[in-house]
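What follows is each chain in one-letter form.
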Amino acid sequence: PEGANLDECNLYGNFSGTWQKNQTNSSPTDQVTDIFDPITLSDGKYIWNIRCNDTNGEEVYGTSNYTLTIDTVFPSINFTSPTPSNNTLTNSTSININVTHNETYPKTLKLNWDGTNESYSYSGSSTQITKSNLDDGTYTYYVWVNDNATNNNQTEIRTITIDSNPPSITNFNI
């Protein structure tokens with residue numbers, strides 16, 4: 001805080017669900033950062049600000065409220081139908097990869113397709129990704145998600161083999 005004759009500074013926030021004074025520093029010093037005791041908070045979004053007053057009865061809040069987000073929960077993610085099961089052999093050159101996910105503060109969803117990451121934004125509870133015009137071969141893939149607090153999770157790694165060429169018969173004698 002800044003100012004002559006500082007009396008006290010108060011930490012206000014909606015930490016309990018209601019905007020209220022939570023802590024008081026009764027001996028603030030001009031040009032010195034106030035330090036308040038740690039507060040144990042549950043996951044959620046909180047708004048906070050500091051109000052200081054001087055011995056003349058003048059008071060002021062910080063220029064704006066601040067937002068603090070606590071997120072300790074890892075996102076959940078799972079393959080769902082019609083995603084091919086592990087070790088699938090198919091003649092289709094297109095596949096649909098479908099995942100369900102649960103995350104309050106989503107950030108990034110990535111499909112790792114045969115070692116290459118492809119990023120997608122996501123929201124809601126499911127995402128479908130279509131891979132098409134695939135060449136014959138064996139591919140590995142998984143889907144990874146993270147949130148704004150850098151918590152992350154991924155599906156299991158799956159393998160799919162594409163063989164779109166029918167067998168040929170040569171040198172046939174009757």
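Residues numbered from 1 in each chain as written. Predicted model: local features only at pLDDT ≥ 70, side-chain atom pairs only at ≥ 80, totals over all residues. Heavy atoms only, no water.

Participant: Can you help me understand the overall build of the protein in this one?
Facilitator: A count of helical and extended segments in the protein gives 0 helices and 14 strands. Secondary structure elements in the protein, listed N-terminal to C-terminal, are β-β-β-β-β-β-β-β-β-β-β-β-β-β. In summary, the protein has a C-alpha radius of gyration of 28 Å against a globular reference of 16 Å for 174 residues, an excess of more than 25%. Counting only C-alpha atoms and orienting by the principal axes, one finds that the protein spans roughly 110 × 25 × 20 Å. Here the protein, with 174 residues, has 32% of them falling under the buried criterion. For the protein, the accessible area works out to roughly 11000 Å², and carbon and sulfur atoms hold 45% of it. Separation of charge centres in the protein, based on 7 positive and 19 negative side chains, amounts to 6 Å. (Helix = DSSP H or I, 4+ residues; strand = E, 2+ residues; numbered from the N terminus. Rg over C-alpha atoms; globule rule 2.2 N^0.38 Å. Buried < 20%, exposed > 50% of the residue type's maximum accessible area, 1.4 Å probe, protein only. Areas by Shrake-Rupley, 256 points an atom, 1.4 Å probe, with all protein chains shown as cover. Lys, Arg positive; Asp, Glu negative; His and termini not counted. Charge placed at Lys NZ, Arg CZ, Asp CG, Glu CD.)

Participant: Got a minute to help me understand the state of the cysteines in this structure?
Facilitator: Two cysteines joined by a covalent bond between their sulfur atoms form a disulfide. Taken as a whole and assessed by the stated rule, the structure comprises 1 disulfide. Here Cys9 connects covalently by a disulfide to Cys52, the sulfurs 2.0 Å from one another. Here the S-S torsion is close to 110°, and the disulfide linking Cys9 with Cys52 is therefore right-handed. Of this pair, Cys9 sits in strand S1 (residues 6–13) while Cys52 sits in strand S3 (residues 44–54), and the two are 43 residues apart along the sequence. Owing to a relative accessible area of 0%, Cys9 belongs among the buried residues under this scheme. (Disulfide = S-S within 2.5 Å.)

Participant: Would you mind going over the sheet that holds strand S8 (residues 95–102) with me for this structure?
Facilitator: Sheets are built from strands that pair by backbone hydrogen bonding, the pairs being arranged parallel or antiparallel. Ordered in space as S6-S8-S11, the 3 strands form an open sheet in which the pairing is antiparallel. Every interior strand has two partners, whereas the edge strands, strand S6 (76–80) and strand S11 (126–131), have only one. Averaged over neighbouring strand pairs, the angle between their axes works out to 25° when direction is ignored. Here S6 runs beside S8; their pairing, made up of 5 bridges, is antiparallel. (Pairing = 2+ DSSP bridges. Axes fitted to C-alpha atoms, helices over the stretch in contact; angles between N-to-C directions.)

Participant: Explain the pattern of salt bridges to me, please; I cannot follow it from the model alone.
Facilitator: Oppositely charged side chains are able to pair whenever their charged atoms sit close together. Throughout the structure, instances matching the rule amount to 3 salt bridges. Close ionic contact of Glu118 with Lys131 constitutes a salt bridge, the shortest N to O distance being 2.7 Å. Here Glu118, found in strand S10 (residues 116–120), pairs with Lys131, found in strand S11; they are 13 residues apart in sequence, far enough to count as distant. The closest approach of N and O atoms between Glu156 and Arg158, which form a salt bridge, is 2.9 Å. Among the residues examined, Glu156 registers a relative accessible area of 41% and is labelled partly exposed. (Salt bridge = Lys/Arg side-chain N within 4 Å of Asp/Glu carboxyl O.)

Participant: Just to check I follow, could you spell out the pairing of strand S14 (residues 158–162) for this structure?
Facilitator: Within a regular beta strand, the side chains point alternately toward one face of the sheet and then the other, so they alternate between its two faces. The side-chain alternation of S14 yields one buried face, formed by Arg158, Ile160 and Ile162, and one unburied face, formed by Thr159 and Thr161. Pairing between strand S7 (residues 88–90) and S14: 3 bridges, direction parallel. Residue pairing across strands places Leu89 opposite Thr161, the latter belonging to S14.

Participant: Please clarify how the nonpolar core should be interpreted in this entry.
Facilitator: Nonpolar side chains in soluble globular proteins tend to end up buried together. In this structure, Ile97, Leu109, Leu111, Trp113, Tyr141 and Val143 are the most contacted members of the largest nonpolar core, which totals 17 residues. Breaking this core down by element, the ones donating at least two residues are S6, S8, strand S9 (106–113), strand S12 (137–147) and S14. In terms of residues, this core owes the most to one element, S12, which gives 4 residues. For Ile97, the contacting residues outside a window of four places in its chain are Phe79, Thr83, Leu111, Trp113, Thr127, Gln128, Ile129, Lys131, Tyr141 and Val143. Core analysis: the second largest hydrophobic core is formed by 6 residues, Cys9, Leu11, Phe36 and Tyr46 among them. (Core = buried A, V, L, I, M, F, W, Y, C linked by side-chain atoms within 4.5 Å. Contact = heavy atoms within 4.5 Å.)

Participant: Quick question: what am I supposed to make of the side chain of Glu103 here?
Facilitator: On the secondary structure map, Glu103 appears in the loop between S8 and S9. For Glu103, which is buried and forms no salt bridge, the nearest opposite charge comes from Lys45, at a distance of 10 Å.

Purely geometric numbers; function is a separate question.
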